[in-house]
Amino acid sequence: MINIETILASDISAELKHIAQKVFHKQRISPEEGLWLFHKAELGFLGSLANMVRERLHGDNTYFNRNFHIEPTNICIYNCSFCSYKRNAGQEGAWEFSTDEMLEMVKKYDGQPVTEVHIVGGVHPKRDLHYYGELLKTIKTHRPDLHIKAFTAVELEFMIKRAGMSISEGLKALKTYGLDSIPGGGAEIFDEQIRKEVCGAKSTTDIWLEIHETAHKVEIPSNATILYGHIEKYEHRIDHMLRLRDLQDRTGGFNTYIPLKFRKENNHLSYLGEVSTEEDLRNYAVSRIFLDNIPHLKAYWPMIGKPTTQLALSFGVDDIDGTIDDTTKIYTMAGVEDQTPVMNTASLVELIKGANRIAVERDTLYNTIKAY
Ligand code: SF4
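Residues numbered from 1 in each chain as written. Predicted model: local features only at pLDDT ≥ 70, side-chain atom pairs only at ≥ 80, totals over all residues. Heavy atoms only, no water.

Before going further, it helps to examine the nonpolar core. In terms of nonpolar packing, the biggest core is built from 109 residues, with Leu37 and Phe151 touching the most fellow members. It is helix α4 (residues 43–58) that provides the largest number of residues to this core, a total of seven residues. Of the domains in this structure, domain 1 (4–55) and domain 2 (59–371) are the two that each give at least three residues to this core. Those residues in contact with Leu37 that sit more than four places away from it in its chain are Leu16, Ile19, Ile29, Leu46, Arg282, Val286 and Ile289. (Core = buried A, V, L, I, M, F, W, Y, C linked by side-chain atoms within 4.5 Å. Buried < 20%, exposed > 50% of the residue type's maximum accessible area, 1.4 Å probe, protein only. Helix = DSSP H or I, 4+ residues; strand = E, 2+ residues; numbered from the N terminus. Domains from an automatic or database assignment. Contact = heavy atoms within 4.5 Å.)

Here it is, written out as structure tokens:
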């Protein structure tokens, strides 16, 4: 691991040396310093710095879980310009599963040691909080030990409003139905102007943050994402992380930060192309250093591919999500290389060990199930 002598002896700029010393001494870096790292830090040194933070928090442990996804529908009232997934009702490629069909998906895993179901989808105009609540209850009745991580803040805002409830009432009701935690989706980019340009119609930044803050207050933990690599600039990524860091200071309810890379196929922003692997690594590294109060940083392997995921483990990442199965369509429809994102536990462990790290199977809340 990098140490203070290495930092002081390094042939790096005075600015980088100053930031590195702060990170070494566990001092929080400022937005200006975060921006400087994005723009100017030499990638190898930046990686070492992020790796120091990662190893201080988790050693070589690299976490994964055994999960599967249910995407109830891709019918959505919104039309985000980066989205390759949404369809209108009746349009070719649209789906909406019934509760019975979704229960059958859960039953496929009977007798298998999965610990989590991840449920997200489009914002269906006709499905409300009680419809989804009954789904959660049906799943819990069948398999009480399965952790249900469900619904982005965007889906939550719509279903809670339709039920005529306050955010707090809606979240408490869903918790009673069986909701255990909330994933981080729908955050996209918090800067109001950029958000307006890429997904102006859906939940505002303030609503996203309010839903997560309220969730934490009623003891529903959550994750947070960012969508990067489209029209945003580095300052927008820093602004995004700053708002999360401030919220986390108040509640401590985020477990994991998950940078999601914009992928270009089949959406209105295809003309932008995609950022490089180097950019992905830089983004992970700055995120790990800047977000000093969110314990975990996740690389979502179906999105960036297995080789980059291995590299990311040296740039601050300590979690690579789960076994997933082929049950998520969100990224396959946006043109990722791996069109059948399936990895069993043995291949996940192999991927982690191939990067000289320790594979640790966890549950959703990061309790260790088994170290390999
Ligand atoms: S990103 Fe989500 S909210 Fe936006 S159009 Fe796609 S499914 Fe709907």
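Resuming the write-up.
Position of Arg282 among the secondary structure elements: in helix α12 (residues 277–290). Sequence separation of Arg282 and Thr73 is 209 residues, and the distance between their C-alpha atoms is 34 Å.

Attention now goes to the packing of α4 against α12. Viewed as axis vectors pointing N to C, α4 and α12 meet at an angle of 45 degrees, and their least axial separation amounts to 9 Å. Here α4 lies oblique to α12, going by the angle between them. Of the two possible hands of crossing, α4 and α12 adopt the one that is left-handed. Facing α4, whose interface residues are Leu43, Leu46, Leu49, Ala50, Val53, Arg54 and Leu57, α12 presents Glu278, Leu281, Arg282, Ala285, Val286, Arg288 and Ile289. (Axes fitted to C-alpha atoms, helices over the stretch in contact; angles between N-to-C directions. Parallel < 35°, antiparallel > 145°, perpendicular 65-115°, else oblique. Left-handed = near helix turned anticlockwise from the far one by under 90°.)

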